[in-house]
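# Overview (structure and organization)
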Amino acid sequence: MNDVDNGFVMDDLKKLARKAKGRRISIQWVPARPYKWFELNKRIRKSIRIYQKWLPQHMQDHGVSPAMLKEMRTDIYLADNRQIRVESYVRDSRGREYVQDVMY
């Protein structure tokens, strides 16, 4: 659930997704990109920085070379049925795309 500074990051992301009214809130892990930090509160920004530092070691622990991933992101959005959805997207070095719903 990712408790940062006495609060859950997912709660903050759910609020942000509701305000975005269907627009996807994307956290781009690979390649890392600058964010419109004003859209994200301090807790979310802190969590992203923590996970960005941890990701290379996590990949190595699972036998994944960073060169194998061309893109990796997490999307949070409000679906048509008004439910919050979280989706993981990865594109590998061969151009293959993988999309998986994430349960939170």
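Structure report, in brief. (Residues numbered from 1 in each chain as written. Predicted model: local features only at pLDDT ≥ 70, side-chain atom pairs only at ≥ 80, totals over all residues. Heavy atoms only, no water.)

Let's shift gears to the nonpolar core. Among the nonpolar cores identified, the biggest contains 23 residues, and Leu 13, Trp 29, Ile 44, Met 72 and Ile 76 are the most heavily contacted of them. Put simply, the parts of the chain that give this core at least two residues each are helix H1 (9-20), strand S3 (25-30), helix H2 (42-61), strand S4 (69-78) and strand S5 (84-92). Here the element with the most residues in this core is H1; it accounts for 6 residues. Not counting residues up to four positions away in its chain, the partners in contact with Ile 44 are Val 9, Asp 12, Leu 13 and Leu 16. (Core = buried A, V, L, I, M, F, W, Y, C linked by side-chain atoms within 4.5 Å. Buried < 20%, exposed > 50% of the residue type's maximum accessible area, 1.4 Å probe, protein only. Helix = DSSP H or I, 4+ residues; strand = E, 2+ residues; numbered from the N terminus. Contact = heavy atoms within 4.5 Å.)

Our focus in this paragraph is the pairing of strand S6 (residues 97-101). When S5 meets S6, the two strands line up antiparallel, connected through 5 bridges. Paired with Tyr 89 across the strands is Val 99, a residue of S6. Linkage of S5 to S6, two consecutive antiparallel strands, is achieved through a turn of 4 residues, within which Gly 95 is found at a positive phi near 90°. (Pairing = 2+ DSSP bridges.)

What follows is about the layout of surface pockets. Approximately 920 Å³ is the volume found for the largest pocket. Lining the largest pocket are 33 residues, with Trp 29, Tyr 51, Trp 54, Met 72 and Thr 74 sitting closest to its centre. Looking at the lining of the largest pocket, the elements with two or more residues in it are H1, S3, H2, S4 and S5. No other element matches the 8 residues that H2 contributes to the lining of the largest pocket. The residue inventory of the lining of the largest pocket, partitioned by class, reads 23 nonpolar, 7 polar and 3 charged. (1 Å grid on protein atoms, 1.4 Å probe; cavity = no way out; pocket = protein on both sides within 12 Å on 5 of 7 lines; lining within 4 Å. Points joined across faces, edges and corners; volume = space filled by probe spheres on them. Nonpolar A, V, L, I, M, F, W, Y, C, P; charged D, E, K, R; others polar.)

Locating Met 103 in the fold gives a position in the segment after S6. C-alpha separation for the pair Met 103 and Glu 87, spaced 16 residues apart in sequence, amounts to 8.8 Å.

A word on the packing of aromatic side chains. Under the criterion given, the structure shown has 2 aromatic pairs. Taken together, a centroid distance of 6.4 Å and an interplanar angle of 75° make the contact between Trp 29 and Tyr 51 edge-to-face. In this pair, Trp 29 is assigned in strand S3 and Tyr 51 in helix H2, connecting sequence segments 22 residues apart. Exposure remark for Trp 29: the relative accessible area of 16% places this residue in the buried category. (Phe/Tyr/Trp six-rings, centres within 6.5 Å; stacked < 30°, edge-to-face > 60°.)

This next bit is on the packing of H1 against H2. What describes two packed helices is the angle between their axes and the distance between those same axes. Where H1 contacts H2, the two axes come as close as 9 Å, and the packing angle between them is 120°. Classified by the angle between their axes, H1 and H2 sit oblique to one another. For H1 against H2, the interelement crossing comes out left-handed. For the pair H1 and H2, contact is made by Val 9, Asp 12, Leu 13 and Leu 16 and by Arg 43, Ile 44 and Ser 47, respectively. Within the contact of H1 with H2, the residues separate by chemical class into 4 nonpolar, 1 polar and 2 charged. (Axes fitted to C-alpha atoms, helices over the stretch in contact; angles between N-to-C directions. Parallel < 35°, antiparallel > 145°, perpendicular 65-115°, else oblique. Left-handed = near helix turned anticlockwise from the far one by under 90°.)

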